[in-house]
Amino acid sequence: MSTPIHRTSTRQSAAVLTSAQQRREGSRTGSTSARSTEHALLAMQSRAGNRATTAAVQRARDGARDPARDTERDGAAENGGASAGAKKNYRDRIAALLDRFKKNLEPIDTFIKGFQTPTNAAFTQQAAVSANEGLKHSAAASGTSAASGNLLTEAAGTVVSGMDAYKNMKDAKKHETGANHHTAKKKAKTKGADAVVGAANSGSYSAAIAKEVTKVQKAADAAVASEASGIASASIGAIKGMRSAFRVGGAARKYKEVKSLGDPHVVHAGSLARLNESREQAGWGAAEAYVALDAYWAHDGPERLELVSEAIDAAWEAMGEARDAAESLQRAEKDVEKLSTVQGYAKKKQLTKMGKETVSGGGESTKAAAGIVTAVAAGTVGLASNPVGWGLAGAGAGLVLGVTMYKALRAATKRYEEVHHPERWAPKGETPEEAASRKESLKHAMKFWKKVSKGERQAMAREIYALAAGPDISGSGSTTAEMRESARSLLIALKSGPAKHKLEPEAWVETLNDPAKTGDWIQEIAEQLASG
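Position numbers for residues count from 1 along each chain, tracking the sequence in the order it is written. It should be noted that, the model being predicted, local features are given only for residues of pLDDT at least 70 and side-chain atom pairs only at 80 or more, the latter also being counted only at that level, while totals for whole chains, interfaces and linings use all residues. With hydrogens and water set aside, each side-chain value is computed from the structure's full complement of heavy atoms.

Undergrad: Got a minute to help me understand the overall build of the protein in this structure?
TA: Broken down by element type, the protein carries 16 helices and zero strands. Relative accessibility thresholds used throughout: buried, under 20% of the residue-type maximum; exposed, over 50%; partly exposed, between the two (1.4 Å probe, protein chains only). The buried share of the protein, taken over its 532 residues, is 38%. Once local pairs closer than 6 in sequence are excluded, the contacts in the protein between residues at least 24 apart make up 78%. Each helix is a run of DSSP H or I of at least 4 residues and each strand a run of E of at least 2, with the numbering of both proceeding from the N terminus. Whether two residues are in contact is decided by their heavy atoms, any of which lying within 4.5 Å being enough.

So, in structure tokens, the structure goes:
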């Protein structure tokens, strides 16, 4: 995987040497210091991108040489002895390596898309206006580096998405029904679409590399390459914009379904009133039993002790009924609060997703417009750029960069809380892990390749499942029938109902009441809370 890096570095070195020679020639002819600064910035961008990419490759290699993983692989080979198992082990290791490699490259890719590419476009525009060939070639060299970095990240992501899609397709066939089937099927569709879009995007970056290389080499067909690159960029931007629009629509529909369930405080007001009435009646019954007990204590006669004994039993039973009624009401009130909280969280997640996809889709659509402007400019006036093209490119990149930075910051915050405040989202009845120090928590937050496994979303998924599960599930036996029905309606609104699981309603209810499927259900609910 290191070969493309060397090729990119060679091209960049030649381009930078050419740029340096042109700067010396420019200085001999009286070029200004501002142009030298521009050349230096572009050269620095190229070198920084190359070094960062090389470091990412090295980190991925170090991960591949993890002794623990080698030991695990060797043990599996010794114990299994089956070629199919060995192949699966290698596939999993390759997929994990590529995934980590891609995630190591993502910060570089973000820098390129959000800063280097728009800067290159601005310098290209300036070079075209001022007819500065040296600046034009330096911008082209930096653009080659940027597109190469984008291509490397996108290609790795495409392969990972394709492998994930294949794995989840097999899992969906293996689990013909139930939560596992639905989770795997949904992931297979998503990852399959990611692979297709990634392949198209890789083609777009390849066209961008060809465009920049023709500029560096002063090729005669540079205008044609620029036009082709603009068309490819516009196409992929339009595809991504449309995909974001579909995701916004899906999130909007899910939000509407959850909202249609109504406020749990209003929906369950009647059942709470009935429970409260039962509590009051049980309280009056207990009070009457104690009054009767006092009367029997004051009674004179041979049957006095027998009557007192019976009155004590009646008072004890009445007190038990009053206590049970009070606990039922208290439990129902807590469940209403929980249901209200999880419904609010589900709606918030969908609103957030709509916002992120709207901004991201707008950025991609703006970049698509920039590609169209580039293609038109190349086809009509050769390589003469125009400010509209790079202005749109910069605006689109800014929108996409904003969403990316927001996601990265949110993920880092969640990773920090996961280890610094483990008690916050720990499962009930489970002893939370020891809290990490601030320094260790910050280190964990910076591990951008790791997913959050014990966060708010997982905690909310556990709450929803506890409300919807049957009486055989620990902690769910005291849930009222009305509350359980409302929680199951929430599952259906989150697209986790019987139809999605290819089950009849009765069979679907049985899976909710099966302790062996608890983990599968919690994973399914967590996935549906995050998706549209």
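Undergrad: Hey, could you run me through the nonpolar core in this one?
TA: Across soluble globular proteins, you tend to see nonpolar side chains buried next to one another. If you look at the biggest cluster of nonpolar residues, it comprises 31 residues, and the most contacted ones within it are Ile464, Leu491, Trp521, Ile525 and Leu529. If you list the elements that add at least two residues to this core, you get helix H10 (304-381), helix H13 (456-468), helix H14 (481-493), helix H15 (505-512) and helix H16 (518-530). The greatest single-element share of this core, amounting to seven residues, is contributed by H10. Apart from residues no more than four positions distant in its own chain, Ile464 is found in contact with Val342, Ala487, Leu490, Leu491, Leu494, Ile525 and Leu529. Nonpolar cores were defined as sets of buried Ala, Val, Leu, Ile, Met, Phe, Trp, Tyr and Cys residues, with membership established by side-chain atoms within 4.5 Å.

Undergrad: Would you take a moment to explain unusual backbone geometry for this structure?
TA: What is expected of a backbone is that most residues other than glycine have negative phi and most peptide bonds are trans. The phi dihedral of Lys495 falls on the positive side, at around 65 degrees, and the residue is not glycine. By the secondary structure assignment, Lys495 is in the loop between H14 and H15. The exposure class assigned to Lys495 is partly exposed, which follows from its relative accessible area of 24%. For Lys502, which is not glycine, the phi dihedral falls at a positive 55 degrees.

Undergrad: Explanation requested: a positive patch on the surface in the structure shown.
TA: Like-charged residues within 9 Å of one another, or nonpolar side chains (Val, Leu, Ile, Met, Phe, Trp, Tyr) within 5 Å, are grouped into patches, provided each residue has over 30% relative accessible area and no salt bridge. Accessible surface is estimated by sampling points in the Shrake-Rupley manner with a 1.4 Å probe; for residues, cover comes only from the protein chains shown. One side-chain nitrogen of Lys or Arg within 4 Å of one carboxyl oxygen of Asp or Glu is enough to make a salt bridge. His is not counted, nor are the chain ends, whereas Lys and Arg count as positive and Asp and Glu as negative. Charge positions come from single atoms, namely NZ of Lys, CZ of Arg, CG of Asp or CD of Glu. A surface patch of like charges, here positive, comprises Lys185, Lys189, Lys500 and Lys502. If you trace the backbone, Lys185 turns up in helix H6 (residues 178-216). By relative accessible area, which is 34% here, Lys185 ends up partly exposed.

Undergrad: It is not clear to me how the packing of H13 against H16 should be interpreted in this structure. Could you clarify?
TA: Each pair of packed helices gets described by two things: the angle between the helix axes and the distance between those axes. To define axes, lines are fitted to C-alpha atoms, for helices over the stretch in contact only, and angles between the resulting N-to-C directions are given on a 0 to 180 degree scale. Relative to each other, H13 and H16 sit at 120 degrees, their axes nearing to 8 Å. By the angle class used here, H13 and H16 are oblique. Regarding H13 and H16, the two cross each other, and that crossing is right-handed. Between H13, through Arg457, Gln458, Met460, Ala461, Arg462, Ile464 and Tyr465, and H16, the contact on the second element is made entirely by Thr518, Trp521, Ile522, Ile525, Ala526, Glu527, Leu529 and Ala530. Only Asp, Glu, Lys and Arg are considered charged, only Ala, Val, Leu, Ile, Met, Phe, Trp, Tyr, Cys and Pro nonpolar, and every remaining residue, Gly among them, polar. Per-class residue counts for the contact of H13 with H16 are 10 nonpolar, two polar and three charged. Angle categories are assigned with fixed cut-offs, so that under 35 degrees is roughly parallel, over 145 is roughly antiparallel, 65 to 115 is roughly perpendicular, and the rest are oblique. Crossing handedness: left-handed means the near helix sits turned counterclockwise from the far one by under a right angle, and right-handed means the same turn made clockwise.

Undergrad: Whenever I open this one, the pattern of salt bridges confuses me. Can you help?
TA: Tallying each qualifying case throughout the model produces 11 salt bridges. Between Asp194 and Arg243 there is a salt bridge, with its nearest N and O atoms 2.6 Å apart. With a gap of 49 residues between them, Asp194 in helix H6 and Arg243 in helix H7 (residues 222-259) connect regions that are remote in the sequence. Close ionic contact of Glu357 with Arg247 constitutes a salt bridge, the shortest N to O distance being 3.5 Å. In this pair, Glu357 is assigned in helix H10 and Arg247 in helix H7, connecting sequence segments 110 residues apart. Counted as one network, the salt bridges with shared partners bring together Asp194, Arg243, Arg247 and Glu357.

Undergrad: Explain the packing of H14 against H15 here, please?
TA: Their axes nearest at 13 Å, the elements H14 and H15 cross at an angle of 105 degrees. Between H14 and H15, the angle is such that the two are roughly perpendicular. From H14, Arg488, Leu491 and Ile492 reach across to H15, where they touch Trp508, Val509 and Leu512. Looking at the contact of H14 with H15 residue by residue, the class counts come to five nonpolar, no polar and one charged.

Undergrad: Would you mind going over the side chain of Arg484 with me for this structure?
TA: Mapped onto the secondary structure, Arg484 falls in helix H14. Buried and unpaired, Arg484 has Asp335 as its nearest opposite-charge partner, separated by 7.9 Å. When neighbours within four sequence positions are excluded, Arg484 is seen to be in contact with Leu467, Ala468, Ala469, Gly470, Pro471, Ser476, Gly477 and Thr479.

Undergrad: Just checking my understanding: could you explain H13 for this structure?
TA: An α-helical segment advances 3.6 residues per turn. Residues three or four places apart therefore align on the same side. What a helix should span is 1.5 Å times the count of its residues minus one. The end-to-end C-alpha separation of H13 is 18 Å, in line with the 18 Å expected for 13 residues at 1.5 Å each. Of the positions making up H13, those classed as buried are Gln458, Ala459, Met460, Ala461, Ile464, Tyr465, Leu467 and Ala468.

Undergrad: Please explain the layout of surface pockets as it appears in this structure.
TA: If you roll a probe as big as a water molecule over the atoms, it shows you where there is empty space left. Cavity: a set of points on a 1 Å grid over the protein atoms alone where a 1.4 Å probe fits but cannot get out. Pocket: an open set with protein on both sides within 12 Å along at least five of seven lines, its lining residues, like those of a cavity, having an atom within 4 Å of a point. Grid points are joined across faces, edges and corners, and a volume is the space filled by probe spheres set on the points. Considering only enclosed or pocket space, the second largest pocket measures out at about 570 Å³ in volume. In terms of lining, the second largest pocket is formed by 28 residues, of which the most central are Lys428, Ala459, Arg462, Glu463 and Ala466. Among the secondary structure elements, those contributing two or more residues to the lining of the second largest pocket are H10, H13 and H16. If one sorts the elements of the lining of the second largest pocket by residue count, H13 sits on top with seven residues. Taken together, the residues that form the lining of the second largest pocket break down as 12 nonpolar, six polar and 10 charged.

Shape descriptors only; they carry no functional weight alone.
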